[in-house]
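Below, each chain spelled out in residue letters.
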Amino acid sequence: MSIFKELKRIYFVGAILYILLGIVLLFFPQTTLLTICYAFALILGIVGIGYIFTYIRSDTLKTYQRNDFVVGLTYLVLAVFVALKTELIISLLPVLLGMAIIISSIVKLQHALDLMRVKFNNWWTVLLIAISSAAIGLYLVIHPFSAATTMVRVIGIAAIWNGITDIGTGVLFLKKIKEAIQVMGAVDSEAKEID
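The rules behind each value
Residues numbered from 1 in each chain as written. Predicted model: local features only at pLDDT ≥ 70, side-chain atom pairs only at ≥ 80, totals over all residues. Heavy atoms only, no water. Helix = DSSP H or I, 4+ residues; strand = E, 2+ residues; numbered from the N terminus. Buried < 20%, exposed > 50% of the residue type's maximum accessible area, 1.4 Å probe, protein only. Contact = heavy atoms within 4.5 Å. Areas by Shrake-Rupley, 256 points an atom, 1.4 Å probe, with all protein chains shown as cover. Phe/Tyr/Trp six-rings, centres within 6.5 Å; stacked < 30°, edge-to-face > 60°. Expected span 1.5 Å × (residues − 1). Axes fitted to C-alpha atoms, helices over the stretch in contact; angles between N-to-C directions. Parallel < 35°, antiparallel > 145°, perpendicular 65-115°, else oblique. Left-handed = near helix turned anticlockwise from the far one by under 90°. Nonpolar A, V, L, I, M, F, W, Y, C, P; charged D, E, K, R; others polar. Core = buried A, V, L, I, M, F, W, Y, C linked by side-chain atoms within 4.5 Å. Arc of directions from axis to C-beta. Patch = residues over 30% accessible without salt bridge, like charges linked within 9 Å, V, L, I, M, F, W, Y side chains within 5 Å. Salt bridge = Lys/Arg side-chain N within 4 Å of Asp/Glu carboxyl O.

Visitor: Help me out: how do you make sense of the overall build of the protein in this one?
Guide: Regarding its fold elements, the protein presents six helices and zero strands. Helices and strands in the protein line up, N terminus first, as α-α-α-α-α-α. Looking at the protein as a whole, 29% of its 195 residues qualify as buried. A fraction of 79% describes how many contacts in the protein between residues 6 or more apart in sequence connect residues 24 or more apart. Counting every atom, the protein has about 12700 Å² of accessible surface; 72% of that belongs to carbon and sulfur.

What follows is the structure, encoded as structure tokens:
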């Protein structure tokens, strides 16, 4: 049963994180995106300074073949670029989230096919959820919005939807796995009695 518990944990933690991300993006769109961009720029800057500091403190003969200064400077340039071009970075988010949702919908599609193969009556509901999630993901990839705030709210709604559907399909899928494990356990005990 430990495998079942592990599957449950992995499935629902991911779904809850999607929902939380969606809520934050839905209610605090502009602030959230700017915070993410500036935090990312800060991290790049710290890493860049770290590389340059390592280069300055190291023995020249030992670091002759290393490129710490170049790597550090590259990180600093990227940090400045991210801090100054927040709009460009923000415009890439719908595409990235759209791709993540498409991947998640492919997983849901496999669950639907697995449920169909084990003759689960409501397998088609999981299929519909997979198709709707894929449609939302494709829409985000093909039509990223120009208005940042509206775009982020739509991304938030998409993330919440994906999290909720992950929970729904997870409940159905894990229920079927549990039933299959119980059936296999019953068959094994019957086989032992016959022996």
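Visitor: Would you mind going over the packing of aromatic side chains with me for this structure?
Guide: Two descriptors summarise a pair of aromatic rings, namely the distance from one centre to the other and the angle between the planes of the rings. Inspection of the entire model under this criterion finds two aromatic pairs. Each ring, one from Tyr 51 and one from Tyr 75, has its centre 5.8 Å from the other, and the planes form 10 degrees; the classification is stacked. With Tyr 51 in helix H2 (residues 29-57) and Tyr 75 in helix H3 (residues 68-84), this pair connects stretches of sequence that are 24 residues apart. What makes Tyr 51 partly exposed here is its relative accessible area of 32%.

Visitor: Looking at this structure, I do not really get helix H4 (residues 86-117). What am I missing?
Guide: For an α-helix, 3.6 residues make a turn, and residues three or four places apart therefore share a direction. Taking 1.5 Å as the rise per residue, H4 with 32 residues should run 46 Å; its terminal C-alpha atoms sit 47 Å apart, in good agreement. Within the sequence span of H4, burial applies to Thr 86, Ile 90, Pro 94, Leu 97, Gly 98, Ile 101, Ser 104, Ser 105, Lys 108, His 111, Ala 112 and Leu 115. The positive-phi residue at the C-terminal boundary of H4 is Lys 119, with phi of around 60 degrees.

Visitor: Explain the packing of H4 against helix H5 (residues 123-142) to me, please; I cannot follow it from the model alone.
Guide: Pairs of packed helices are described in terms of their axes, by the angle between the two and the distance that separates them. The interhelical angle for the contact between H4 and H5, taken along N-to-C directions, is 165 degrees, at an axis separation of 8 Å. The orientation of H4 relative to H5 falls into the category roughly antiparallel. Considering the relative orientation of H4 and H5, their crossing is left-handed. Tallied by class, the residues present in the contact of H4 with H5 amount to 19 nonpolar, five polar and one charged.

Visitor: Sorry if this is basic, but what is going on with the nonpolar core here?
Guide: Within soluble globular proteins, side chains that are nonpolar generally end up buried alongside one another. One finds Leu 97, Leu 140, Met 151 and Ile 155 to be the most contacted residues of the largest nonpolar core, which totals 13 residues. The greatest single-element share of this core, amounting to five residues, is contributed by helix H6 (residues 148-194). When sequence neighbours within four positions are dropped, the list of residues in contact with Ile 155 reads Leu 25, Leu 93, Pro 94, Leu 97 and Leu 140.

Visitor: Is there a simple way to think about H5 in this case?
Guide: Its 20 residues give H5 an end-to-end C-alpha distance of 29 Å, which sits within 8% of 28 Å, the value for a rise of 1.5 Å per residue. Along H5, the residues classified as buried are Val 126, Ile 129, Ala 130, Ser 133, Gly 137 and Leu 140. In a view along the axis of H5, the buried residues occupy a sector of 100 degrees, so they form one face of it.

Visitor: Can you help me understand a nonpolar patch on the surface in this one?
Guide: On the surface, Val 13, Ile 16, Leu 17, Leu 20, Ile 23, Val 24, Phe 27 and Phe 28 cluster together into a nonpolar patch covering about 750 Å² of accessible area. Tracing the sequence through the fold places Phe 28 in the loop between helix H1 (2-27) and H2. Owing to a relative accessible area of 51%, Phe 28 belongs among the exposed residues under this scheme.

Visitor: How should the environment of Ser 58 be read in this particular structure?
Guide: Topologically, Ser 58 is positioned in the loop between H2 and H3. Spatially, the C-alpha atom of Ser 58 lies 9.8 Å from that of Asp 68, the residues being 10 residues apart in sequence.

Visitor: Hey, could you run me through the packing of H2 against H4 in this one?
Guide: At a minimum axis separation of 10 Å, H2 and H4 run at an interaxial angle of 110 degrees. What the angle tells us is that H2 and H4 run roughly perpendicular. Once H2 is placed against H4, the crossing between them reads as right-handed. Judged by residue contacts, Leu 33, Leu 34, Cys 37 and Tyr 38 of H2 engage Thr 86, Ile 89, Ile 90 and Leu 93 from H4. For the contact of H2 with H4, the class distribution of residues is seven nonpolar, one polar and no charged.

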